[in-house]
Amino acid sequence: MQDRYDFKAIETKWQDRWAKEKLYEVPDFSDRPNYYCLEMFPYPSGKLHMGHVRNYSIGDVVARFKTMQGYNVLHPMGWDAFGLPAENAAIKHGDIHPADWTMNNIAAMREQLKQLGISYDWRREVATCHPGYYKWTQWLFLQLYHKGLAYKKKSAVNWCPSCATVLANEQVKEGVCERCKTEVEKRELEQWFFKITGYAERLLKDINLLAGWPDKVKIMQEHWIGRSEGAEIHFPVDGLDEEFVVFTTRPDTVFGVTYMVIAPEHPLVEKLIAGREQAEEVRAFVHRVRNLSELARTATNVEKEGLFTGACCINPLTGEKVPILVANYVLLEYGTGCVMGVPAHDQRDFEFARKYHLPVRVVIQPPGRELDPETMTEAYAGEGVMVNSGRFNGLPKEEGIRAVIAHLEEKGLGKGQVNYRLRDWLISRQRYWGAPIPIIYCDHCGTLPVPEENLPVLLPRNVAFKPTGQSPLAECPEFVHTTCPSCGGPARRETDTMDTFMCSSWYYYRYTSPRDEAAAWDRARVDRWLPVDQYIGGVEHAILHLLYSRFFTKVLYDLDLVSNVEPFTNLLTQGMVLKEGSKMSKSRGNVVSPEDIVAKYGADTARLFILFAAPPERDLEWSDQGVEGCYRFLHRVWRLVAPLGGELLHAPAVPSGKLVGINREMRRLTHQTIKKVSEDIGQRFNFNTAVSAIMELVNGLYQYRELPETDRDPAVMREAVEHLLILLAPFAPHITEELWAGTGHSDSIHRQPWPSYDPRAVAEDEITVVVQINGRVRERVLLPAGTGAAEMQAQVLAQPRVQQLVAGKQIVKIIPVPGKLVNIVVK
RNA sequence: GCGGGCGUGGCGGAAUGGCAGACGCGCCGGACUUAGGAUCCGGUGGGUAAAACCGUGUGAGUUCGACUCUCACCGCCCGCACCA
């Protein structure tokens, strides 16, 4: 073995050898228990960034640890390879095809991942843009289509003018495109949707099954689904054969309705105003509101505006006539797009009513005081009993809600209703670089699915990538023109492609059968591996990818294609990698490139630093000096172990006989480290403290090595060094493998079983007992381990310093905590 | 506005309700050395001659004992955004 730690030579040498020996290839069927460790696959943007390095380093520690613990670990990697940047690059540069751009990037990033020494089974690599993959994406679309879960409808959808495509609700944040931050517009378009709303209740309820997910993510999904219970109430429109249908969570306040409001875009508006003197004014108002961007319209500080339509409707419970207004704050997409106004008991309604001098009527009286509509300064939304509500007077709020719903149902005026904020998933994209939607339109036969035997619908290579707002495929006649699978006549293909989130909603199933040409996956393999035991990725997918994947899994379960109802048992959301307090970005100029770090310090150092610098969920501040520290540490390990060479194995593997003194202490440290590292990786996922513990073991070994040779036990040394290497192996796989081989071991360190600690070796002989007086540390006493409370108390009180400190004072109480401390309370 | 998270040395961060600051960075000192930005050893919250004492965002509370639990407040970060 060399004197110098030559990371470059060591890392390439072992990467080659591991590949040659197929060290990380995992059999689908094995006697060992299965464990599926998965990291979110990357978009092949060109090069890895530090976020990737962090994600995959965490995953690799888990995978290697579980493997050493005896599991058969599935640890695959692939590419979320369809998407806009490839196409944008083609538009910008003109001379590179999205497919080539993507494949080049994949090759570069695969090489980087290999240089990091991550233990992937590369035989299972998938790329979603490969026809062998997207054939099955299309096949899954057809399964949803046949189940009635994929449908086409015309509606107001989010349009990103910069990306020149529509977006799903989940891909719009605060009115701007989640990808490019451009303000989105609303457009009336006919688009394909997945009926995720049909799974709202199950997606919500099954959050309970996700005990291994962070609460933060579960709460975000819960809120996104946005379930609320209430009633649908039908108000007949006065003088018209129309119904004004509202959704309300407060049917108990229906006697307090003093006006009704409707969304400006609502189709009923035109019918309400037809032939009335208000018509033109209302149309102008509607036009003005509709022309506002989503962003301008939904901003918090937007003034609430309304306008009387001239129409009224009849409160079905009171028979009263109430005016209908159009208002800018009513959302067409939520509920029925119509709202009943109850100013006394809803703060927004209250403000609106005061502004437009609409009456306020109290129908819920709180306990202990009386609301006066004239003098109220805010709405009352709390508990109380119904008043001014005819037969319902005297009922408390909750009872009132139930009674009103029962009454409405009995009279056919409405019904109890559950409403969700979740919208159906818009999956059409007017772009080229995606999986074509496998649908054919025939003038005679209508909309038809592409027959399964004709899949995949291949993306044609030669198209013009002009961002026109229409899919580039529409301008490719040889793609568009086809024959009708039903009548054989001329027909047209759907030219939109699928949202790439569709591709990433099922890739974790494909890893189990990556090259299967007969099926999306083999059921036996999927049932064996799924659900994923540990999923690791960024929290930015808390809604998007993670919700879509849960939806997909439930659909697949219903189709009897999988046996699991949830895809990911445990989820770890890693924090961001920051530099100078903010996210690394080109515009800020604070990017640290993984390539440079690996070239300068090696993969082991890069991995070690990123795991050591912070616990995984927390944001990590990049520090060049911190990296240097880890580099130094690995050198320190090298200088400690390398000189031992083959000598190490001349000593027995386990010390025998009774150890005393420093040898006993050295062995204790070894076993305490095994315990700590095992718990930190296996239970707490605190890799930073695991690394700390290993550093302490190294520090201890340096001390131990200083001793005269006659005082040292070679077996203690061997046990400590071998365990040091094994514990460090998941973090720094190359250097540990080299030192393992260099000290005379023949099998790979990565095939070693994870060690267990000897509880007898861990136990301390003596305990430093802390003596507190009135809760303040005053003295320390060294006592044999296992000293009982009474004996401990006596020993402590006998200490001269303690006697001195309590002299002249009255001892009120003594609290002995065996193995820890004694607190003496004095007066 | 609603929901969630986080506030600990000069810095990254440790601490089942029981010695605050493990480990690392930085800094200071020593050894080795022609040399040291390598390496090894030691020190390092503030304060003091040494103690006392003061220290985990602020203020209360529970407790023999609180970084840890409870309540209120302040600051920063993230998510949602008129949800009827």
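Note that this is a predicted model, so its numbers are computed, not measured.

Peer 1: Tell me about the packing of aromatic side chains, residues and numbers included.
Peer 2: Enumeration according to the criterion identifies 42 aromatic pairs in this entry. When the ring of Phe 82 is compared with that of Trp 433, the centres are 4.9 Å apart and the planes differ by 80°; the resulting orientation is edge-to-face. Taken together, the residues span a long stretch of sequence, with Phe 82 in the loop between strand S3 (78–79) and helix H3 (84–93) and Trp 433 in the loop between strand S20 (428–429) and strand S21 (439–442) at a distance of 351 residues. Trp 433 shares its class with Phe 82; the two are buried. Between Tyr 133 and Trp 506, the aromatic rings sit 4.3 Å apart at their centres with planes inclined by 20°, giving stacked as the arrangement. Placement of Tyr 133 in helix H5 (residues 131–146) and of Trp 506 in the loop between helix H14 (500–503) and helix H15 (507–510) is noted, with a sequence separation of 373 residues between them. A single burial state applies to Tyr 133 and to Trp 506, both of which are buried. Three or more aromatic residues joined by ring pairs make a cluster, and in this case those are Phe 41, Tyr 133, Trp 506, Tyr 507, Tyr 508, Tyr 509, Tyr 511, Trp 521, Tyr 535 and Phe 568.

Peer 1: Tell me about the sheet that holds strand S18 (residues 414–419), residues and numbers included.
Peer 2: Here we have three strands laid out as an open sheet, ordered S11-S10-S18, and antiparallel in their pairing. Edge positions in the open sheet fall to strand S11 (243–248) and S18, since each of these has one partner strand only. Mean inter-strand twist for the sheet, computed between neighbouring axes without regard to direction, equals 30°. Of the pairings in the sheet, the one linking strand S10 (residues 228–236) to S11 comprises six bridges and is antiparallel in character.

Peer 1: If you had to explain the packing of helix H21 (residues 661–684) against helix H23 (residues 714–728) to someone new, which residues and values would you point to?
Peer 2: For the pair H21 and H23, interaxial distance at closest approach is 10 Å and the crossing angle is 20°. With respect to their mutual orientation, H21 and H23 come out roughly parallel. Our pair here, H21 against H23, has a crossing hand that is left-handed. In this structure, H21 contributes Asn 663, Met 666, Arg 667, Thr 670, His 671, Thr 673, Ile 674 and Val 677 to the contact, and H23 contributes Val 716, Glu 719, Ala 720, His 723 and Leu 727. Looking at the contact of H21 with H23 residue by residue, the classes come out as six nonpolar, five polar and two charged.

Peer 1: Which residues make up the UniProt feature "binding site: ATP" (unreviewed entry) in chain A, and what values go with them?
Peer 2: Following the UniProt record, one finds the feature "binding site: ATP" (unreviewed entry) at Lys 586. Residue position: Lys 586 is located in the loop between strand S29 (582–583) and helix H18 (594–601). On the basis of relative accessible area, Lys 586 is assigned to the exposed category, the value being 81%.

Peer 1: I'd like to hear about the nonpolar core, residue by residue, with values.
Peer 2: Counting residues in hydrophobic clusters, the biggest one holds 185 residues, and the most contacted among them are Phe 141, Phe 194, Trp 425, Phe 551, Trp 622 and Phe 731. Of all the elements, helix H22 (residues 687–706) adds the most residues to this core, at eleven residues. Structurally, this core is a two-domain feature, drawing no fewer than three residues from each of domain 1 (11–225 + 500–574) and domain 3 (604–762). Residue contacts for Trp 622: discarding those within four places in its chain leaves Met 50, Val 577, Leu 578, Lys 579, Met 584, Val 592, Ile 597, Phe 609, Ile 610 and Val 627. In terms of nonpolar packing, the next biggest core, distinct from the first, is built from 46 residues, Phe 255, Leu 272, Val 289 and Val 362 among them.

Calculation notes
- The residue numbers shown here count from 1 along each chain, following its written sequence.
- Here every chain gets a letter starting at A, and every ligand a number starting at 1, in the order they are written.
- Two thresholds apply to this predicted model, a pLDDT of at least 70 for residue-level local features and 80 or more for giving and counting side-chain atom pairs, whereas whole-chain, interface and lining totals are computed over all residues.
- Side-chain calculation: all heavy atoms of the structure are included, whereas hydrogens and water are not.
- Working definition: rings of Phe, Tyr and Trp (its six-membered ring) pair if their centres are within 6.5 Å, and the pair is stacked with planes under 30 degrees apart, edge-to-face with planes over 60 apart, and tilted otherwise.
- Elements are defined by DSSP. Helices are runs of H or I of four residues or more, strands are runs of E of two residues or more, and each kind is numbered from the N terminus.
- Throughout this description, buried means an accessible area under 20% of the type-specific maximum (1.4 Å probe, protein chains only), exposed means over 50%, and partly exposed covers the range between.
- Each pair of strands is called paired provided DSSP finds at least two bridges between the two strands.
- Angles shown run from 0 to 180 degrees and are taken between the N-to-C directions of axes, each axis being a line fitted to C-alpha atoms and, for helices, limited to the stretch in contact.
- Roughly parallel means an angle under 35 degrees; roughly antiparallel means over 145; roughly perpendicular covers 65 to 115; every other angle is labelled oblique.
- Working rule for handedness: look at the near helix, and if it is turned counterclockwise from the far one by less than a right angle, call the crossing left-handed; if clockwise, right-handed.
- It only takes one pair of heavy atoms within 4.5 Å for two residues to be counted as in contact.
- Throughout, the ten residues Ala, Val, Leu, Ile, Met, Phe, Trp, Tyr, Cys and Pro are labelled nonpolar, Asp, Glu, Lys and Arg are labelled charged, and all others, Gly among them, are labelled polar.
- UniProt positions are given in the numbering used here, feature names are shortened, and annotations may be inferred rather than shown by experiment.
- Take the buried Ala, Val, Leu, Ile, Met, Phe, Trp, Tyr and Cys residues and link them wherever side-chain atoms come within 4.5 Å; each set so joined is a nonpolar core.
- Domain delimitation in this document rests on an assignment produced automatically or drawn from a domain database.

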